Number of protein chains: 2
Amino acid sequence: MIPATHNEAAPSAIKYYWEDMVVGSRRDLGSVQTTKEEILSFARQFDPQPFHLDEDAARESVFGSLCASGWHTCAMTMRLMVDNFLNDSSSLGSPGLESLKWLKPVFPGDTLTLHLTVLESRPMGKRPDVGLVRSAWELVNQHGAKVLYMDGYGMFRRRHRASD
Amino acid sequence: MIPATHNEAAPSAIKYYWEDMVVGSRRDLGSVQTTKEEILSFARQFDPQPFHLDEDAARESVFGSLCASGWHTCAMTMRLMVDNFLNDSSSLGSPGLESLKWLKPVFPGDTLTLHLTVLESRPMGKRPDVGLVRSAWELVNQHGAKVLYMDGYGMFRRRHRASD
């Protein structure tokens, strides 16, 4: 994982508000390299299935080799999203995802790069200071193969309140 | 988190195959109690947003109090699923989810209980030895409120191959 350089108590000033999430726009949100130690550590804590813990069991599984928990892949993706976008934004959290696809296994040593594309954007009816954004998250490995796809929502404070 | 008692190298014998995932059946898959230390540890590693790291920032956020990363909630849910079902099953992994909803924040000390309901089941066309199951995962807190809902797929080896 990326070393934690974020200053916990004092997030940087807000650069991106709801208005800056333009439909069709695409952002490159950096890369992370996986390690076997981190894959094993996450699996021991949260997903102790044999193919995430043991080389021999993984070799006999559909994956063919030790691979990361799908939830670990999501968590690493979130870290890229937070470090390279959300902590500079007016993000207020997420109500969820429309879909999540684990497309390919993630192996130790893989380099994963995140791209975010804004699919939809709308004001929130009851909150004149908040807008909702729907985005596609694509995580691609060093061979150019998509390993994870997510289509999800985020709530962001608006730079300018809607007029009543 | 639950202490790791699973024997990594030698998973228990298979009790549940695809045929045992009957549409409409519901399983209770145990509970986990969250701790502040684990919420902070996960957030530092994967989701360092102020409302997951800092009491004061959380108090001023929409959540009102320090709360777990949504991805941490998913990871804790997966641990219940693995310990109380998947590692006794013929599971071959998951291609993804149809939807994921973070319905309520999860706070330190919350007790979360997982229920799984089978929604759909079908053979896999090209694999006479494998079936696909679609299930609803509901995670409920100690007040009876749903905090997480997921609708997702799992692939399981069949007890009996389809006849050709």
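Just so we're clear, the structure is a prediction, and the values are computed from it rather than from any experiment. (Residues numbered from 1 in each chain as written. Chains lettered and ligands numbered in written order. Predicted model: local features only at pLDDT ≥ 70, side-chain atom pairs only at ≥ 80, totals over all residues.)

Trainee: I tried to follow the overall build of chain A on my own but got confused; where do I start?
Mentor: Counting its secondary structure elements, chain A contains four helices and five strands. For chain A, the N- to C-terminal ordering of α and β elements is β-α-α-α-α-β-β-β-β. Out of the 164 residues belonging to chain A, those deemed buried represent 37%. Sequence separation of 24 or more characterises 73% of the internal contacts of chain A that already satisfy a separation of 6 or more. (Helix = DSSP H or I, 4+ residues; strand = E, 2+ residues; numbered from the N terminus. Buried ≥ 20, exposed ≤ 12 C-beta atoms within 10 Å, placed from the backbone. Contact = placed C-beta atoms within 7 Å.)

Trainee: What is the right way to read the relation of the copies chain A and chain B from this model?
Mentor: For the pair of chain copies, the relating transformation is a rotation about an axis with a translation along it. Aligned on chain B, chain A shows an RMSD of 0.0 Å; the corresponding rotation is 180° and the shift along the axis is 0.0 Å. Accordingly, the operation relating the two chain copies is best matched by a two-fold axis. In terms of C-alpha distance to the rotation axis, chain A has Ser99 of chain A as its closest residue, with the C-alpha 2.5 Å off the axis. (Least-squares fit on C-alpha atoms with pLDDT ≥ 70 in both.)

Trainee: Before we go on, may I ask you to explain the interface of chain A and chain B in this structure?
Mentor: Accessible area lost upon the coming together of the parts is a frequently used measure of interface size. Between chain A and chain B, the contact holds 36 residues from the first and 36 residues from the second. Those elements that place two or more of their residues in the side of chain A that touches chain B are α1 (36-46), α2 (50-53), α4 (70-84) and β2 (96-102) of chain A. Residues of the side of chain A that touches chain B, tallied by class, amount to 20 nonpolar, nine polar and seven charged. As judged from the four bridges shared by β2 of chain A and strand β2 (residues 96-102) of chain B, these two strands associate in the antiparallel manner. By the bridge assignment, Gly96 of chain A is partnered in β2 of chain B with Lys101 of chain B. (Nonpolar A, V, L, I, M, F, W, Y, C, P; charged D, E, K, R; others polar. Pairing = 2+ DSSP bridges.)

Trainee: For this particular structure, what's the right way to read the sheet that holds strand β4 (residues 127-140) of chain B?
Mentor: Strand pairing in a sheet takes place through backbone hydrogen bonds and is either antiparallel or parallel in direction. The sheet built from 10 strands is open, its strands ordered β1(A)-β3(A)-β4(A)-β5(A)-β2(A)-β2(B)-β5(B)-β4(B)-β3(B)-β1(B) with antiparallel pairing. The open sheet has two edge strands, β1 (26-33) of chain A together with β1 (26-33) of chain B, and neither has a second partner. Each adjacent strand pair in this sheet contributes to an overall mean axis angle of 25°, direction not counted. The sheet contact formed by strand β3 (residues 111-124) of chain A and strand β4 (residues 127-140) of chain A spans 11 bridges and is antiparallel. Bridge pairing links Val118 of chain A to Ser135 of chain A in β4 of chain A. Contacting β1, β2, β3, β4 and β5 (146-157) of chain A, α4 of chain A runs over the sheet at an angle of about 125° to β1 of chain A. Seen against the sheet, helix α4 (residues 70-84) of chain B touches β1, β2, β3 (111-124), β4 and β5 (146-157) of chain B and runs at an angle of roughly 125° to β1 of chain B. (Axes fitted to C-alpha atoms, helices over the stretch in contact; angles between N-to-C directions.)

Trainee: Looking at this structure, how should I read the nonpolar core?
Mentor: Within the largest apolar cluster, 64 residues are counted, with the highest numbers of intra-cluster contacts made by Trp71, Ala75 and Met78 of chain A together with Trp71, Ala75 and Met78 of chain B. Ignoring anything within four residues of it in the chain, the contact list for Met78 of chain B reads Phe46, Asp47 and Trp71 of chain A. (Core = buried A, V, L, I, M, F, W, Y, C linked by C-beta atoms within 7 Å.)

Trainee: How should I be thinking about the packing of α4 of chain A against α4 of chain B in this particular structure?
Mentor: When two helices pack together, their arrangement is given by the angle between the helix axes and the distance between those axes. For the pair α4 of chain A and α4 of chain B, interaxial distance at closest approach is 10 Å and the crossing angle is 170°. In terms of their interaxial angle, α4 of chain A and α4 of chain B are classed as roughly antiparallel. Residue-level inspection shows Trp71, Cys74, Ala75 and Met78 of chain A of α4 of chain A in contact with α4 of chain B, the latter providing Trp71, Cys74, Ala75 and Met78 of chain B. Here the contact of α4 of chain A with α4 of chain B is built from residues that sort into eight nonpolar, no polar and no charged. (Parallel < 35°, antiparallel > 145°, perpendicular 65-115°, else oblique.)

Trainee: Sorry if this is basic, but what is going on with the pairing of β5 of chain B here?
Mentor: The side chains of a regular strand alternate between the sheet's two faces. Residues and elements named next belong to chain B. In this structure, β2 lies alongside β5, joined through five bridges in antiparallel fashion. By the bridge assignment, Lys101 is partnered in β5 with Tyr149. Hairpin connection from β4 to β5: five residues lie between these consecutive antiparallel strands, with Gly144 at a positive phi of about 85°.

Trainee: Would you explain α4 of chain A in this entry?
Mentor: Note on helix geometry: an α-helix contains 3.6 residues per turn, so any two residues three or four positions apart are oriented the same way. The end-to-end C-alpha distance of α4 of chain A, which contains 15 residues, comes to 21 Å, matching closely the 21 Å that a straight helix rising 1.5 Å per residue would cover. Counting buried positions along α4 of chain A yields 13 of 15 residues, so the element is predominantly enclosed. (Expected span 1.5 Å × (residues − 1).)

Trainee: Sorry, what's going on with the environment of Ser41 of chain B here?
Mentor: All names here are of chain B. Topologically, Ser41 is positioned in helix α1 (residues 36-46). The class of Ser41 is partly exposed, set by 14 C-beta atoms lying within 10 Å. The sequence separation of Ser41 and Leu53 amounts to 12 residues, and the corresponding C-alpha distance is 8.8 Å.

Trainee: Just to check I follow, could you spell out the environment of Asp110 of chain A for this structure?
Mentor: Residues and elements named next belong to chain A. Looking at the element boundaries, Asp110 is found in the loop between β2 and β3. Classification of Asp110 by C-beta neighbours within 10 Å gives buried; the count is 21. The spatial distance from the C-alpha of Asp110 to the C-alpha of His143 is 9.0 Å, given a sequence separation of 33 residues. Non-local contacts of Asp110, meaning those with residues more than four positions away in its chain, are made with Thr34, Asn141 and Gln142.

Trainee: Any chance you could explain α1 of chain B here in plain terms?
Mentor: Buried within α1 of chain B are the following residues: Ile39, Phe42, Ala43 and Phe46 of chain B. All buried residues of α1 of chain B project into a common sector of 100° when viewed along the axis, lining one side. Buried-residue contacts for α1 of chain B involve α4 of chain A together with α2 (50-53) and α4 of chain B. (Arc of directions from axis to C-beta.)

Trainee: Please explain the confidence of the model for chain A as it appears in this structure.
Mentor: Of the residues in chain A, 92% have a pLDDT of 70 or more, and the chain-wide mean is 92. Of the regions scoring below 50 in pLDDT, residues 1-11 of chain A engages in 19 contacts with residues more than four places distant in sequence or in other chains. (pLDDT = per-residue confidence, 0-100.)

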